[in-house]
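# Structural description and commentary
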Amino acid sequence: MSAKPDIQILTDFLSDYTTAMVSAGTYTARVEKCVDRVARRYGYDVSVTIFVKYFTISVMDSQDNSLRRTYVKKIKVGQVSFNRISELSSLSWRILDENLSLDEAKEQFEGVMRIGAHKFASSLILISLANAAFCRLFGGDMGSVACVFFATLVGYSLRFALAKMGVNLKIQYVLVSFVVSFIAYLGVFYGFTHTSDVAIGSSILFLMPGVFLINSVFDILNDNTLVGISRAVSTGILILCIAVGVYITLSLSSAEILHV
């Protein structure tokens, strides 16, 4: 067993680790278990309380309760990444099973954070193909598929750019849902497709915050009721923002869907 690391250095590491886990789309109970696993390996107790925008972390020496650190940290908005969640969870087990030193743990953590950092192009193509496939699955013709594919290319790129500029997430959802649904409508207007309802409806599917909604259910089931309800409300607001963007498109167009 290596020497117990300094509590300040460990707290900084656990704060970064918690931020990475939550930003990647992990539900609360899993974050708590992974962080606790790492802290116990180094001889410390930890308590984590997670909310929608902030989390509180308190680290305490298990043999000297007077030695402790408590911080409130802001959660960075990030892209959902199941690969990153898996790698970070695996890292917590490696730290425990392989007795990694804190320096080794930090080095591996930085390696995990570099994974997928430059995969925007592949994500753009795959998400666009997936959205187009949903359009076809729901009965869209080939014109709708092409329109949805192009709309998703533009919408995903726009959302990435808005996120880089630090635009509010709700404004992102309104703007992007309007742009993609309007591009899909242009396909209807110029006669590329005759399944307008499927084209416009499926164009915004990639924006649906399904992971956040599932996490809110997991949180409630795991007795993290407050954060679960908060996430559910936030998810509902994002869905409403999507609806606002689509409504703007329909109100500016002559799409018959609005009058059905």
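Residues numbered from 1 in each chain as written. Predicted model: local features only at pLDDT ≥ 70, side-chain atom pairs only at ≥ 80, totals over all residues. Heavy atoms only, no water.

## A closer look at the packing of helix α3 (residues 82–97) against helix α4 (residues 102–114)
- The interhelical angle for the contact between α3 and α4, taken along N-to-C directions, is 170 degrees, at an axis separation of 10 Å. Overall, the two elements α3 and α4 adopt an arrangement that is roughly antiparallel. Two secondary-structure elements touch here, α3 through R84, E87, L88, L91, R94 and I95 and α4 through A105, Q108, F109, V112 and M113.
- Of the residues in the contact of α3 with α4, the class split is seven nonpolar, one polar and three charged. (Axes fitted to C-alpha atoms, helices over the stretch in contact; angles between N-to-C directions. Helix = DSSP H or I, 4+ residues; strand = E, 2+ residues; numbered from the N terminus. Parallel < 35°, antiparallel > 145°, perpendicular 65-115°, else oblique. Contact = heavy atoms within 4.5 Å. Nonpolar A, V, L, I, M, F, W, Y, C, P; charged D, E, K, R; others polar.)

## Observations regarding unusual backbone geometry
- One non-glycine residue, N99, lies in the positive phi region at around 50 degrees.
- For D223, which is not glycine, the phi dihedral falls at a positive 70 degrees.
- Along the chain, D223 turns up in the loop between α9 (210–221) and α10 (225–252).
- Residue classification places D223 among the exposed residues on the basis of a relative accessible area of 67%. (Buried < 20%, exposed > 50% of the residue type's maximum accessible area, 1.4 Å probe, protein only.)

## Focus on the packing of aromatic side chains
- The tally for this structure, following the rule as stated, stands at nine aromatic pairs.
- Measuring from ring centre to ring centre gives 6.1 Å for F182 and Y185, while their planes differ by 45 degrees; the resulting arrangement is tilted. Here Y185 and F182 lie together in helix α7 (residues 169–189), a separation of three residues that amounts to about one turn.
- Given the relative accessible area of 7%, Y185 is considered buried.
- A centroid spacing of 6.1 Å and a plane angle of 45 degrees characterise the contact between Y185 and F189, whose relative ring orientation is tilted. With Y185 and F189 both in helix α7, this residue pair falls four residues apart, about one helical turn.
- Clustering of aromatic rings is evident, with ring pairs tying together F178, F182, Y185, F189 and Y190.
- Positioned above the aromatic ring of Y44 is the side chain of K4, whose terminal nitrogen or guanidinium carbon lies 5.3 Å from the ring centre. (Phe/Tyr/Trp six-rings, centres within 6.5 Å; stacked < 30°, edge-to-face > 60°. Lys NZ or Arg CZ within 6 Å of the ring centre and 35° of its normal.)

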